[in-house]
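Chain by chain, the residues:
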Amino acid sequence: MRARTAALVAAGVPATVAAAAVALEAGHWQLYADRHRIHLTPIARRSCPDCRGAGGWWVGGANPEMEPCSCWAERRELTLRLQPRPTVPCDDPPF
């Protein structure tokens, strides 16, 4: 019974990862994961009529700056904390 369950779980993991990758790409998200967090960042859409996937445009003037496009800039970044970060004890006084 355990071998069968392990085989089913092992077969399901690649399918789950592939489905997650398709969902992230369709939703225009970039995934970063390590043992401390999972971080989702929005990315520019290639089909956007304003920026055409560049993420923004340059605003001229004396100090040119990049103006972000609303196809990604107005969406929130999502972070899920998994494990607390290790803290290093410090012997220095706070001030």
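So, here is what we can say about the structure in this document. Computed from a predicted model, the values in this text were never measured in an experiment.

1. What to know about the pairing of strand β3 (residues 56-59)
Right, on to step 1. Relative to strand β4 (residues 65-68), β3 runs antiparallel, the two sharing four bridges. When the bridges of β4 are listed, Trp57 appears paired with Glu67.
Right, on to step 2. Adjacent in sequence and paired antiparallel, β3 and β4 are bridged by five residues, among which Gly61 carries a positive phi angle near 130 degrees.

2. Details of the sheet that holds strand β5 (residues 78-81)
Right, on to step 1. Pairing is antiparallel across the open sheet formed by three strands, whose spatial order is β1-β2-β5. Whereas interior strands pair on both sides, the edge strands pair on one side only; in this sheet they are β1 (29-33) and β5. Across this sheet, the average inter-strand angle for adjacent strands is 10 degrees, counted without regard to direction.
Right, on to step 2. Pairing of β1 with strand β2 (residues 37-42), which is carried by five bridges, proceeds in the antiparallel orientation. The residue of β2 that forms the bridge with Leu31 is Leu40.

3. Thoughts on the packing of aromatic side chains
Right, on to step 1. Overall, the coordinates contain zero aromatic pairs when judged by the stated rule.
Right, on to step 2. The positively charged end of Arg75 is found above the aromatic ring belonging to Trp29, 4.5 Å away from the centroid.

4. Points about the nonpolar core
Within soluble globular proteins, side chains that are nonpolar tend to cluster in buried spots.
Right, on to step 1. Counting residues in hydrophobic clusters, the biggest one holds five residues: Ala44, Cys48, Cys51, Cys69 and Cys71.
Right, on to step 2. Not counting residues within four places of it along the chain, the set of residues in contact with Cys71 comprises Ile43, Ala44, Arg45, Cys48 and Cys51.

5. Thoughts on the side chain of His28
Right, on to step 1. Its place among the elements puts His28 in the loop between α1 (2-26) and β1.
Right, on to step 2. In this structure His28 comes out as buried when scored by relative accessible area, which is 19%.
Right, on to step 3. Once residues lying within four places of it in the same chain are set aside, the contact partners of His28 are Thr41, Pro42, Ile43, Ala44, Arg45 and Arg75.

Conventions and cut-offs
- Residues numbered from 1 in each chain as written.
- Predicted model: local features only at pLDDT ≥ 70, side-chain atom pairs only at ≥ 80, totals over all residues.
- Heavy atoms only, no water.
- Pairing = 2+ DSSP bridges.
- Helix = DSSP H or I, 4+ residues; strand = E, 2+ residues; numbered from the N terminus.
- Axes fitted to C-alpha atoms, helices over the stretch in contact; angles between N-to-C directions.
- Phe/Tyr/Trp six-rings, centres within 6.5 Å; stacked < 30°, edge-to-face > 60°.
- Lys NZ or Arg CZ within 6 Å of the ring centre and 35° of its normal.
- Core = buried A, V, L, I, M, F, W, Y, C linked by side-chain atoms within 4.5 Å.
- Buried < 20%, exposed > 50% of the residue type's maximum accessible area, 1.4 Å probe, protein only.
- Contact = heavy atoms within 4.5 Å.

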